[in-house]
Amino acid sequence: MTPSLQASGIHKSYGAISVLKDVSLSVAPGTTHAVIGPNGAGKTTLFRVLSGEVFAERGSVRFEGRDVGARPGFRRVRDGIGRTFQVARVFGEFSVLDNVALALEACAAASPASLWRRLRVRASAALLAEAMDVLATVGLHKRAADPAGILAYGERKRLELAMTLALRPRMLLLDEPMAGMSPGDRLAAVELLNRISRELSMAILLTEHDMSVVFALAHHVTVLNYGEVIASGTPDEVRASALVREVYLGHEHA
Ligand SMILES: Nc1ncnc2c1ncn2[C@@H]1O[C@H](COP(=O)(O)OP(=O)(O)O)[C@@H](O)[C@H]1O
Ligand SMILES: [Mg+2]
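Residues numbered from 1 in each chain as written. Chains lettered and ligands numbered in written order. Predicted model: local features only at pLDDT ≥ 70, side-chain atom pairs only at ≥ 80, totals over all residues.

**So, the overall build of the protein chain**
Assigned secondary structure in the protein chain consists of 10 helices and 10 strands. When burial is assessed residue by residue, the protein chain has 41% of its 254 residues classed as buried. When contacts within the protein chain are restricted to residue pairs at least 6 apart in sequence, long-range pairs at least 24 apart make up 67% of them. (Helix = DSSP H or I, 4+ residues; strand = E, 2+ residues; numbered from the N terminus. Buried ≥ 20, exposed ≤ 12 C-beta atoms within 10 Å, placed from the backbone. Contact = placed C-beta atoms within 7 Å.)

What follows is the structure in structure tokens.
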């Protein structure tokens with residue numbers, strides 16, 4: 001089966017520093033794949049390369065078999081690759097519903113100029129209904145009328161996910177989706193992502209520090225250390241790797 005996302009031989013450097021060295025990974029359709037590794041290992045940089053925010057010097061990125069390595073980020077979003085950021089980006093003064101409607105508008109808008117023109121007119125009933133639908137998926141429909149700025153941290157992250165889902169992606173790139181969440185929010189987020197994966201047959205690539213989250217979600221794990229893949233396999237295989245244990249023991253007790 002053609003992988004949803006396939007990165008091969010990715011090299012990325014900043015000045016003299018090699019941040020990613022010959023990184024390859026493959027995400028099978030409908031599966032959840034976690035990228036783990038210590039701080040500074042290159043996880044966020046890899047996500048930026050995969051989403052088209054920055055470009056690799058070498059290597060290829062294929063989405064559903066098609067080479068997207070030269071496509072800028074906004075085109076990859078339209079191709080069907082949704083992404084969230086390590087720090088949630090929402091408009092605090094707008095209502096929760098308007099934030100999702102805005103994401104839908106932004107997707108439909110042909111150019112930034114037409115986006116701003118659209119923002120001045122009222123969103124259509126159909127668009128608001130669609131936005132409400134997406135809010136229900138992440139369990140935020142009861143907060144639709146509240147300003148996004150008053151949401152608790154975990155809810156804000158869920159809103160950001162709703163804004164990403166509004167664009168109907170076929171794959172999600174989630175960089176530390178649960179960073180800073182309370183244990184309760186984390187559990188709810190694990191359930192939500194499991195449900196999205198199952199019900200929407202979504203391919204998900206995520207980074208996560210919390211190993212219990214990784215083991216509860218991921219079908220496949222890739223371990224990065226100093227920009228290199230040091231292990232890749234099922235959660236059990238990765239957990240059994242002596243090298244991974246060494247890297248993690250060194251950092252967890254730091
Ligand atoms: N824009 C940048 N310019 C220079 N160095 C960067 C840049 N982005 C990341 N780095 C460096 O690349 C390494 C990997 O960073 P990052 O991808 O954020 O790791 P992680 O997400 O695994 O913590 C770090 O040493 C970081 O300092
Ligand atoms: Mg990071």
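**Overview of the site of ligand 1**
As a structural note, the neighbourhood of ligand 1 is formed by Tyr-14, Val-19, Gly-37, Asn-39, Gly-40, Ala-41, Gly-42, Lys-43, Thr-44 and Thr-45. Here the shell around ligand 1 gets three residues from one element, more than from any other, and that element is helix α1 (residues 43-51). Residues that form the shell around ligand 1 fall into these classes: three nonpolar, six polar and one charged. (Near = placed C-beta within 6 Å. Nonpolar A, V, L, I, M, F, W, Y, C, P; charged D, E, K, R; others polar.)

**Section: the sheet that holds strand β2 (residues 17-27)**
Pairing is antiparallel in the open sheet, where four strands are placed in the order β2-β1-β4-β5. Of all strands in the sheet, those with a lone pairing partner are β2 and β5 (66-67), marking the two edges. Both strand β4 (residues 58-63) and β5 contribute to a ladder of two bridges, which runs antiparallel. Directly across from Phe-63, in β5, lies its bridge partner Arg-66. (Pairing = 2+ DSSP bridges.)

**Topic: the environment of Ala-101**
With respect to the helices and strands, the residue Ala-101 is situated in helix α3 (residues 96-108). Its 24 C-beta neighbours within 10 Å are what place Ala-101 among the buried residues.

**Comments concerning unusual backbone geometry**
Within the chain, Asp-22 stands out as a residue other than glycine whose phi angle is a positive 55°. As for its position among the elements, Asp-22 is in strand β2. Here the phi dihedral of Tyr-226 falls at roughly 45°; this positive angle occurs in a residue that is not glycine. Mapped onto the fold, Tyr-226 is located in the loop between β9 (220-225) and β10 (228-233).

**Some remarks on the pairing of strand β7 (residues 171-175)**
Most of β7 sits inside the fold, with five of its five residues counted as buried. With burial as the criterion, each face of β7 is covered, one bearing Met-171, Leu-173 and Asp-175 and the other bearing Leu-172 and Leu-174. Where strand β6 (residues 81-84) lies against β7, four bridges are found, and the strand directions are parallel. Paired with Arg-83 across the two strands is Leu-173, which belongs to β7. Where β7 and strand β8 (residues 203-207) come together, five bridges link them in parallel fashion. Residue pairing across strands places Met-171 opposite Ala-203, the latter belonging to β8. With helix α7 (residues 183-199) bridging β7 and its parallel neighbour β8, the resulting β-α-β unit is right-handed. (Right-handed = clockwise from strand over helix to strand, strands pointing away.)

**Looking at helix α5 (residues 125-137)**
An α-helix turns once per 3.6 residues; consequently, residues spaced three or four apart project the same way. The terminal C-alpha atoms of α5, which comprises 13 residues, lie 19 Å apart, in line with the 18 Å expected from a rise of 1.5 Å per residue. Here α5 has its buried residues at Ala-131, Val-134 and Leu-135. Buried residues of α5, viewed axially, fall in a sector of 105°; they line one side. Exposed side chains of α5 directed beyond 90 degrees from the buried face belong to Ala-125, Ala-126 and Ala-129. The positive-phi residue at the C-terminal boundary of α5 is Gly-139, with phi of around 75°. (Expected span 1.5 Å × (residues − 1). Arc of directions from axis to C-beta.)

**Remarks on helix α6 (residues 153-165)**
Compared with the 18 Å implied by 1.5 Å per residue over 13 residues, the 19 Å span of α6 between its first and last C-alpha is a close match. Burial analysis of α6 places 11 of its 13 residues in the buried class, which makes it a mostly covered element. Along α6, the residues that are buried comprise Glu-155, Arg-156, Lys-157, Arg-158, Leu-159, Glu-160, Leu-161, Ala-162, Met-163, Thr-164 and Leu-165.

**Observations concerning the nonpolar core**
Counting 46 residues, the largest nonpolar core has Leu-5, Ala-34, Leu-50, Ile-204 and Val-223 as its most contacted members. Residue contributions to this core peak at five residues, all from β2. Discounting residues that sit within four places of it in the chain, Leu-50 has contacts with Leu-5, Ala-7, Val-61 and Leu-173. Ala-131, Leu-140, Leu-161 and Ala-166 belong to the second largest nonpolar core, which has 20 residues in total. (Core = buried A, V, L, I, M, F, W, Y, C linked by C-beta atoms within 7 Å.)

These results come straight from atomic positions and should not be treated as a statement about function.
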